[in-house]
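Listed here are the chains, written in short residue letters.
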Amino acid sequence: MDELFTINSYKLDDTQINVIKSDAQNTLVVAGAGSGKTLTILGLIKYLIEVKGYKKDEILAISFTNETTISLHNKLLDIGYDIEVLTFHKLGLKIIGDGYSVCQDQYIDYVVDEYFKSFIMNDKNRKELFKNILYMDETSNIFNTYNYKNLKILIKTFINLLKSNNKDEYDLIKFYQHSYFNEKQLLRIILEIYILYKRELESVNQIDFNDMISLAINKVKTSNLPFKYIIIDEFQDTSPVRFDLIKEIIKYTGSRLFCVGDDFQSIYRFSGCNLDTFINFHKYFDDVKVYYLKYTYRNSNELIKVSSSFVMKNPKQLKKSIVSNKDLDKPIVILFGYKLEDIIDKIDNPMILGRNNKDIDKLSYDNKYTIHKSKGLESDNVILVNSDNIPNNIKNERILRYVLNDKDYILHEEERRLFYVALTRTKNKIYILINKKISPFVKELINDYPEYIEIRKS
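Residues numbered from 1 in each chain as written. Predicted model: local features only at pLDDT ≥ 70, side-chain atom pairs only at ≥ 80, totals over all residues. Heavy atoms only, no water.

Tell me about the overall build of the protein, and name the residues and values.
For the protein, the helix and strand inventory stands at 19 helices and 16 strands. Relative to the compact-globule value of 23 Å for 458 residues, the protein shows a C-alpha radius of gyration of 24 Å, a close match. Along the first, second and third principal axes, the C-alpha set of the protein runs to 75 × 65 × 40 Å. By the burial criterion, 55% of the 458 residues in the protein qualify as buried. Long-range pairs, those at least 24 residues apart, make up 80% of the contacts in the protein between residues at least 6 apart in sequence. With an accessible surface of roughly 21700 Å², the protein has 47% of that area assigned to carbon and sulfur atoms. Computed over 66 positive and 63 negative side-chain charges, the separation of the two mean positions in the protein equals 3 Å. (Helix = DSSP H or I, 4+ residues; strand = E, 2+ residues; numbered from the N terminus. Rg over C-alpha atoms; globule rule 2.2 N^0.38 Å. Buried < 20%, exposed > 50% of the residue type's maximum accessible area, 1.4 Å probe, protein only. Contact = heavy atoms within 4.5 Å. Areas by Shrake-Rupley, 256 points an atom, 1.4 Å probe, with all protein chains shown as cover. Lys, Arg positive; Asp, Glu negative; His and termini not counted. Charge placed at Lys NZ, Arg CZ, Asp CG, Glu CD.)

Tell me about the sheet that holds strand 15 (residues 426-434), and please be specific about residues and values.
Spatially, 6 strands are ordered 13-12-14-15-11-16 in an open sheet, and the strand pairing comes out parallel. Both outer strands of the open sheet, strand 13 (368-370) and strand 16 (453-457), are each paired with one neighbouring strand and no more. Sheet twist, expressed as the mean angle between neighbouring strand axes with direction ignored, is 25 degrees. When strand 12 (residues 350-354) meets strand 14 (residues 379-384), the two strands line up parallel, connected through 4 bridges. Bridge pairing links Ile352 to Ile383 in strand 14. Of the strands in this sheet, strand 11 (332-336), strand 12, strand 14 and strand 15 are in contact with helix 18 (residues 413-423), which crosses strand 15 at around 120 degrees. (Pairing = 2+ DSSP bridges. Axes fitted to C-alpha atoms, helices over the stretch in contact; angles between N-to-C directions.)

Go over helix 11 (residues 240-253), please, and point to the residues and values.
Helix length check: helix 11 (14 residues) gives 20 Å between terminal C-alpha atoms against 20 Å at 1.5 Å per residue, within 8%. Looking at helix 11, one finds that the buried residues are Pro240, Val241, Arg242, Phe243, Leu245, Ile246, Glu248, Ile249 and Ile250. Once helix 11 ends, the next one or two residues include Gly254, with phi positive near 70 degrees. (Expected span 1.5 Å × (residues − 1).)

How would you explain the environment of Pro450 if you had to name every residue and give the values?
Following the sequence through the fold, Pro450 ends up in the loop between helix 19 (440-448) and strand 16. Those residues in contact with Pro450 that lie beyond four places of it in its chain are Lys330 and Leu445.

Quick one: what's the story with the environment of Gln206, residue by residue and with numbers?
You can see Gln206 is positioned in strand 7 (residues 206-207). You can call Gln206 partly exposed: its relative accessible area is 22%. Between the C-alpha atom of Gln206 and that of Ile59, which follows or precedes it by 147 residues, the distance is 31 Å. Discounting chain neighbours no more than four positions away, the residues touching Gln206 are Ser101, Val102, Cys103 and Leu201. Polar contacts involving the side chain of Gln206 include one to the side chain of Ser101, which spans 3.2 Å. (Polar contact = N/O pair within 3.5 Å; in protein donor to acceptor, adjacent residues only side chain to side chain.)

Any details on unusual backbone geometry? Residues and values, ideally.
Residues Ile390 and Pro391 are joined by a peptide bond in cis, for which omega reads 5 degrees. Position of Pro391 among the secondary structure elements: in the loop between strand 14 and helix 18. With a phi angle near 50 degrees, Asn8 is a residue other than glycine that sits in the positive phi range. By the element assignment, Asn8 lies in the loop between strand 1 (6-7) and strand 2 (10-11). Non-glycine residue Ser9 carries a positive phi angle of around 75 degrees. Here Ser9 is to be found in the loop between strand 1 and strand 2. A relative accessible area of 68% means that Ser9 is categorised as exposed.

Structure follows, in structure tokens:
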């Protein structure tokens, strides 16, 4: 039995073994940072095949990004199981077949730009409205301004969220009718761009990734899918339309469902992910069991205490009791006036993190990712650069509450979880560089957890 619950010389702990043996039709595993959720998934698949007799094509394994699906597939190959791991989009394509042309992500950028170019060129009144929304005066190069780029991100995010929540222009019209004057202006623009984008896709006979999932939902009943067991990694990042696809597959296959994730690390909210399906899992299914992985094999107890307390200031997070076998005095080091080159050679095996691509692209060092891309990764130590970019502010961001399925809008809820992810990538210490400005989150750490923080000034 010991051999059964050993993966690549790693023996599963008691909580992981209990999870794997779950006899529930629907299982949710709440995992903390560094708690071995991937090892748990590997152990589950081994158990399903070796003990329960499942065939490999009866197991559907899903993860969130191309990188995580490749990583999980390779780890399965390492233990002798060639099981396909899919993103939701590849699952959608598998169901609808290859007869559809999928547009590039940048296509909506083109539509937004073309809309505003016509909008400004041909209508004086609308030009004034556009300038008011951008909070700016007349300029000869309006499309290269920071405010325009932010506005474009906001519009694209709104439309993506609208579609990922299975909503359309009729819902947008309702939002417009119930909005106040300032928001009405922006919602009208979003509505016009949405309709234009939809027509443009139809005219070139293309679909986008959200359309792919919606089409797949309608085709499940005629697809004769072989699945009997569905495993979803990073379940906290599931959007309503993706969840609808899973429920439809279960409806026609009777599959058991096994979901693993960490609500503390839900950082794709503006891509359509909805934490409600994770936190209220028991409301969506009968015969549910919820398990908590209680051990972490990465962070010290001191860092767990700070990071967990920090992220729990969001009102809608699940409380976890996470335990480590490691203690470390003052795991957070805040550096005032230091440059990266001053410290990098003095720190063992550092991972360099930044909020945005522009924070790290200019760095010539290896082992750098953005915080979003670092999720699931770890290093002996972490250096966080340009920390003043967290939290990130987007003008008019509050308008997204129409498509976030949130009754109560919480400022920087997502950014707080992102900062948590940055804090918990390290096995030892995280070094936070402070330049000219200090982030409100860093101030909060200094004020609330001084006993766990070392401050250095150059």
